[in-house]
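Spelled out from the first residue to the last, the chains are:
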Amino acid sequence: MSATAKAIQDYSLLDDSECDRRIISAKKKLGDRCIILAHHYQRNEVFKHADFSGDSLKLSHHAADSKAEYIVFCGVHFMAEVADILSRPEQITVLPDLAAGCSMADMADLKKVEQCWKELNSVLDADEEVTPVTYINSAADLKAFCGRHDGIVCTSSNAKQVLDWCFEKREKVLFFPDEHLGRNTGYRMDIPLDKMMVWDFNQPLGGLTKEQIKVAKIILWKGFCSVHQMFQAEQIDAFKERYPETIVIAHPEANFDVCEKADYVGSTEMILKTVRDAKPNTRWLVATELNLVNRLKEEVKGQAKAVHFMSPTVSMCSTMFRTDPQHLAWILENLAEGNVVNQIQVQDKIQAKKALDNMLLLN
Ligand code: CIZ
Ligand code: SF4
């Protein structure tokens, strides 16, 4: 083990090809002691070094099944937290850039959610009537909140199954932090729009009346993804005017109107599978993060499938983008010398794991 860890400053001026060389060499040295996981929204320069790629659900399973000593998670903070919760105690999870957060996850915090629960309890018996559901895009202490209140975590791949589980137990759901995933999923389960109320956490009683809370089936936290909010229904209309044969596929973090106009709505895994399995000579308009869409476009162009990004302006996830080859080289060279930098450690794992296990049992 070396005495001192290398500093990121020594890497920030390295060019990408030098980083590539160093990543490959450090990876070779570490062998099966280390796995690199990369989310679909990672840029190519990082994505190409991954042992496994996937959405957060698939990557959580890889983390849980892995025997590696080090899990290097090229994704955002909440994903590395999930890997830490699900992996064995002796495994170490590392996030290459600690500033890689998720603006949607930051829209709900424990204080605000506890306040909401307290206010719901002034109208209902929340513990008897409401199941809290947190989208996996949330901090570990919110997953722990769900664990404590007999709730559950969901991802965009299993949101419907999770809501089915909830409605077998209790009549209402508090869904955070993404308003859109909650509404788009509820609507596809035939829950009328007027039974899904938005909880504005900046207003007393979420800006709702007691009556609205009493009739609600799903209470939707007023959170959103800044990347997916760029997609608009008018972009679909404009594109279809030029190419009427277009098939539209959208992520459920996109707004209701976009999902209503889409032919398919689903998680990143579902989007990839649907386009990969589609017939040749098809044209696709895709509403999710740009790095995924660009890679998919390249992958299927040989099968005469055209893939287009829905928004006319570039909308990448800026926090996913923080993980660059410089940070990856820095992390791996340190690990190869026995220095752990940027470890993610969740303090209160038990309740968060309970909420995650409730979800994983459904898959
Ligand atoms: O769950 C994930 O990985 C995210 C953030 C998107 C998706 O649908 O895969
Ligand atoms: Fe968060 Fe949106 Fe980025 Fe996904 S794309 S990590 S929800 S900010």
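Coordinates for the structure precede this section.
### Quick notes on the sheet that holds strand S7 (residues 172-176)
At step 1: Pairing within the open sheet is parallel, and its five strands lie in the order S6-S5-S7-S9-S8. The strands lining the two open edges of the sheet, one partner per strand, are strand S6 (152-154) and strand S8 (196-199). Across this sheet, the average inter-strand angle for adjacent strands is 25 degrees, counted without regard to direction.
At step 2: Bridge analysis of S8 against strand S9 (residues 218-221) gives four bridges, and the strand direction is parallel. Its bridge partner lying in S9, Met197 is registered against Ile219.

### A short note on the environment of His308
At step 1: Along the chain, His308 falls in strand S13 (residues 306-309).
At step 2: With 168 residues separating them along the chain, His308 and Ala140 place their C-alpha atoms 35 Å apart.
At step 3: Contact partners of His308, with chain neighbours within four places excluded, come to Phe239, Arg283, Trp284, Leu285, Val286 and Val293.

### A look at the pattern of salt bridges
At step 1: The final tally for this structure, using the stated rule, is 23 salt bridges.
At step 2: Between Arg33 and Glu69 there is a salt bridge; the shortest N-O distance is 3.1 Å. Of this pair, Arg33 sits in the loop between helix H1 (16-30) and strand S1 (34-39) while Glu69 sits in the loop between helix H3 (56-65) and strand S3 (70-74), and the two are 36 residues apart along the sequence.
At step 3: When its relative accessible area of 34% is taken as the criterion, Arg33 is described as partly exposed.
At step 4: The class of Glu69 is partly exposed, set by a relative accessible area of 33%.
At step 5: Where Arg170 meets Asp150, a salt bridge forms, and the shortest distance between an N and an O atom there is 2.8 Å. Here Arg170, found in the loop between helix H8 (159-169) and S7, pairs with Asp150, found in the loop between helix H7 (140-148) and S6; they are 20 residues apart in sequence, far enough to count as distant.
At step 6: Here Arg170 falls in the buried class, since its relative accessible area comes to 11%.
At step 7: Taking the relative accessible area as the measure of exposure, Asp150 reaches 31% and is therefore partly exposed.
At step 8: Connected through shared salt-bridge partners, Glu18, Arg21, Arg22 and Glu333 make up one network.

### Structural notes on the site of ligand 1
At step 1: Inspection of the region around ligand 1 gives His39, Tyr41, Asp55, Ser56, Asn137, Ser156, His251, Ser267 and Thr268 as its neighbouring residues.
At step 2: Measuring from an oxygen atom of ligand 1, one finds a side-chain N or O atom of His39 at 2.5 Å.
At step 3: Between ligand 1 and the protein, one listed contact pairs an oxygen atom with a side-chain N or O atom of Thr268 at 2.4 Å.

### Digging into the packing of aromatic side chains
At step 1: Under the defined criterion, the tally for this structure stands at eight aromatic pairs.
At step 2: Seen in terms of ring centroids, Tyr187 and Phe256 are 4.8 Å apart; in terms of plane orientation they differ by 90 degrees. Their pairing is edge-to-face. With Tyr187 in helix H9 (residues 179-188) and Phe256 in helix H12 (residues 256-261), the pair connects residues that are 69 residues apart, well separated along the chain.
At step 3: Assessed through its relative accessible area of 31%, Tyr187 is described here as partly exposed.
At step 4: For Phe256, a relative accessible area of 15% puts it in the buried group.
At step 5: Among the aromatic residues, those joined into a ring-pair cluster are Trp117, Phe145, Phe176, Phe201 and Trp221.
At step 6: The ring of Phe321 has Arg43 sitting right over it, with the charged end atom 3.6 Å from the ring centre.

Analysis parameters
- Residues numbered from 1 in each chain as written.
- Chains lettered and ligands numbered in written order.
- Predicted model: local features only at pLDDT ≥ 70, side-chain atom pairs only at ≥ 80, totals over all residues.
- Heavy atoms only, no water.
- Pairing = 2+ DSSP bridges.
- Helix = DSSP H or I, 4+ residues; strand = E, 2+ residues; numbered from the N terminus.
- Axes fitted to C-alpha atoms, helices over the stretch in contact; angles between N-to-C directions.
- Contact = heavy atoms within 4.5 Å.
- Salt bridge = Lys/Arg side-chain N within 4 Å of Asp/Glu carboxyl O.
- Buried < 20%, exposed > 50% of the residue type's maximum accessible area, 1.4 Å probe, protein only.
- Near = heavy atom within 4 Å.
- Polar contact = N/O pair within 3.5 Å; in protein donor to acceptor, adjacent residues only side chain to side chain.
- Phe/Tyr/Trp six-rings, centres within 6.5 Å; stacked < 30°, edge-to-face > 60°.
- Lys NZ or Arg CZ within 6 Å of the ring centre and 35° of its normal.

By themselves, these observations are geometric and do not establish any function.
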